[in-house]
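# Fold and geometry: a report
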Amino acid sequence: MKSRFAVAAAVAVLTAASALGADPSDFGVPPPHGWIGTTGEWIRGVGLVLAVLDVVLILALWRMVRRRGLTAASKSMIFGAIVVLPAIVVFLATATGMSESMTVDACGDCHVMESHVADLRNPTSDSLAAVHYKNRYIQNDQCYTCHSDYGMFGTVSAKLEGLGHVYHNIAGNYPQPIKIRAPYSNLRCLSCHGGAQNFVAKHEKEMLPNLMANKDSCLDCHGPAHKPEAAAAPEKQALR
Amino acid sequence: MSAPPTEHAIFRLRLAAIFALVAVVLAFTLLLKETAYLFTTFMFLGPALLLVAIVLLGWNILGELREKKVL
C-alpha cells in the first residue's frame, strides 16, 4: 500500500513538472539512461503538489473549524497548513523564481528587449551575443551569464537591477534605443576567456593590463555585442 | 478544560489562513508559469504575507499558552 502511494506521489510530481515543457531533449538529444529529471524540475513539481495540498488543507480546515470549533487535531493541522507547508512552498517558489528569472525568456519578457533577444537567437546574426548563443559557448541563461557580476553579491545586484528594469518597463520611462547603464567590464569576458588556450595564443601579454583596467574594450575588436536594429522580426527564432 | 477562543483569536486565525492561502496561490502561479511581473509581485508579497500569517498564528499560540499559565 505504501509503495503504491510512493509510486503515485512520484508520478504526480513528475507529471506536474513535465507539463511545464521543461524538456531536456530540446535539441533532439535523448536523455541519459535512468534520467529522472533535473533538480529544478523536481523542485517545481514538489512545489506544485505541496501548494495544491496546502490549499485543499486550508479550505478543509476552514470548514472544519466553522462546524466543530477548534479541536486539538485541528490545531496541529492548522500549524502545518499555515506555517510548515506554506514555508516549504514559498521557499521552493523563490528558488524556482530566482532560477527562472535568469533565463533568456525572462529577459525577453519586456517589450524593449525583444529585438535584443531576437538578434541573440538569430542564426544568421554575427553579433557577439548571437555567436555565443548559436555556438553554445554558454549553455544556459545567456543574458544573465554575461550581464551579471560574479562573486557572492553578483546575483543579488543583478536581481536589484532587474527590479529597476521592471519598474522602467511599467513606467515606460526608458530612453530608446536602450543603452547599457555602465561601460561593459572586460572582466566578465575574461572570467571565461582569460585562461583559454586560444585566447592566450591570439592575444599579446602586453594587452592584458589595459584590458583588465578596462582602458581597452574587448568590444573594440570583437563587437558589436548586439545588433537589435538588424533583427528582422521580434518573434522568437528557430534556434531555442 | 480550556476556554473557547475569543472572537479576536478566531479573527486572527482566519486572517492568518487567508494570508497563507494568498502566499501559496502566488507561489503556485509562479511555479506554474513565471513572468517578470509575477516574480516581482511574489517576491514582495509572498514571504511578507507568510511572515504576517506566522506572526498572527504565533500571537494566538502565545495567548493560549498564557491563558493556560504555561508561560
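Check the entry above for the structure.
So, a few notes on the structure that sits alongside this text.

The rules behind these values
Residues numbered from 1 in each chain as written. Chains lettered and ligands numbered in written order. Predicted model: local features only at pLDDT ≥ 70, side-chain atom pairs only at ≥ 80, totals over all residues. Heavy atoms only, no water. Helix = DSSP H or I, 4+ residues; strand = E, 2+ residues; numbered from the N terminus. Buried < 20%, exposed > 50% of the residue type's maximum accessible area, 1.4 Å probe, protein only. Contact = heavy atoms within 4.5 Å. Rg over C-alpha atoms; globule rule 2.2 N^0.38 Å. Areas by Shrake-Rupley, 256 points an atom, 1.4 Å probe, with all protein chains shown as cover. Lys, Arg positive; Asp, Glu negative; His and termini not counted. Charge placed at Lys NZ, Arg CZ, Asp CG, Glu CD. Phe/Tyr/Trp six-rings, centres within 6.5 Å; stacked < 30°, edge-to-face > 60°. Lys NZ or Arg CZ within 6 Å of the ring centre and 35° of its normal. Buried area = accessible area lost by both parts, 1.4 Å probe. Salt bridge = Lys/Arg side-chain N within 4 Å of Asp/Glu carboxyl O. Polar contact = N/O pair within 3.5 Å; in protein donor to acceptor, adjacent residues only side chain to side chain. Core = buried A, V, L, I, M, F, W, Y, C linked by side-chain atoms within 4.5 Å. Patch = residues over 30% accessible without salt bridge, like charges linked within 9 Å, V, L, I, M, F, W, Y side chains within 5 Å. Axes fitted to C-alpha atoms, helices over the stretch in contact; angles between N-to-C directions. Parallel < 35°, antiparallel > 145°, perpendicular 65-115°, else oblique. Left-handed = near helix turned anticlockwise from the far one by under 90°. Nonpolar A, V, L, I, M, F, W, Y, C, P; charged D, E, K, R; others polar.

In terms of helices and strands, chain A carries 12 helices and zero strands. Traced from its N-terminal end to its C-terminal end, chain A shows the element sequence α-α-α-α-α-α-α-α-α-α-α-α. Counting the 240 residues in chain A, one finds 30% classified as buried. When contacts within chain A are restricted to residue pairs at least 6 apart in sequence, long-range pairs at least 24 apart make up 63% of them.

Time to look at the overall build of chain B. If you tally the helices and strands in chain B, you get two helices and zero strands. The C-alpha radius of gyration computed for chain B amounts to 16 Å, which surpasses the reference 11 Å derived for 71 residues by more than 25%, pointing to a less compact arrangement than a globule. Dimensions of chain B, computed from C-alpha atoms along their principal axes, come out at roughly 50 × 20 × 15 Å. In chain B, buried positions account for 35% of the 71 residues. A total of about 4,400 Å² of accessible surface is found on chain B, and carbon and sulfur atoms cover 75% of it. Taking the 6 positively charged and 4 negatively charged side chains of chain B as two groups, their mean positions are separated by 3 Å.

Attention shifts here to the packing of aromatic side chains. Within the structure shown, the criterion is met by zero aromatic pairs over all chains. Here A:Arg188 stacks its cationic end above the ring of A:Tyr184, 5.4 Å away from the centre of that ring.

Quick look at the interface of chain B and chain A now. Opposite the 33 residues of chain B that make contact, chain A presents 35 residues. Interface area, chain B with chain A, both sides summed: about 2,800 Å², of which 82% is carbon and sulfur. Between A:Lys75 and B:Glu64 there is a salt bridge; the shortest N-O distance is 2.4 Å. For the pair chain B and chain A, the number of links is five residue pairs in polar contact (both at pLDDT 80 or more).

Ranked by internal contacts, the top residues of the largest apolar core, which has 18 residues, are A:Val89, A:Val90, A:Ala93, B:Ala23, B:Ala27, B:Leu30 and B:Phe42. Elements with a minimum of two residues in this core: α2 (39-68) and α3 (72-100) of chain A together with α1 (7-32) and α2 (36-67) of chain B. Here this core takes six residues from α1(B), the largest share from any one element. Residues in contact with B:Ala27, not counting those within four places in the same chain, are A:Val89, A:Ala93 and B:Phe42. Among the nonpolar cores identified, the runner-up in size contains 14 residues, and A:Leu61, A:Val65, A:Ala81 and B:Leu13 belong to it.

Okay, a nonpolar patch on the surface next. A cluster of nonpolar side chains, namely A:Phe79, A:Val84, A:Ile88, B:Ile61, B:Leu62, B:Leu65, B:Val70 and B:Leu71, defines an oily patch on the protein surface of about 660 Å² accessible area. Those elements giving two or more residues to the nonpolar patch turn out to be α3 of chain A together with α2 of chain B. If you trace the backbone, B:Leu65 turns up in helix α2. Judged by its relative accessible area of 30%, B:Leu65 is partly exposed.

This part covers the packing of α2(A) against α1(B). Geometrically, a packed helix pair is captured by the angle between its two axes and the distance between the axes. Contact pair α2(A) / α1(B): the axes reach a minimum separation of 9 Å and the direction vectors enclose 155°. Considered as vectors, α2(A) and α1(B) are oriented roughly antiparallel to each other. As α2(A) runs across α1(B), the sense of the crossing is left-handed. From α2(A), A:Arg44, A:Gly47, A:Leu48, A:Ala51, A:Val52, A:Asp54, A:Val55, A:Ile58, A:Leu59, A:Trp62 and A:Arg66 reach across to α1(B), where they touch B:Arg14, B:Ala17, B:Ile18, B:Ala20, B:Leu21, B:Val24, B:Val25, B:Phe28, B:Leu31 and B:Leu32. When its residues are assigned to classes, the contact of α2(A) with α1(B) shows 16 nonpolar, one polar and four charged.

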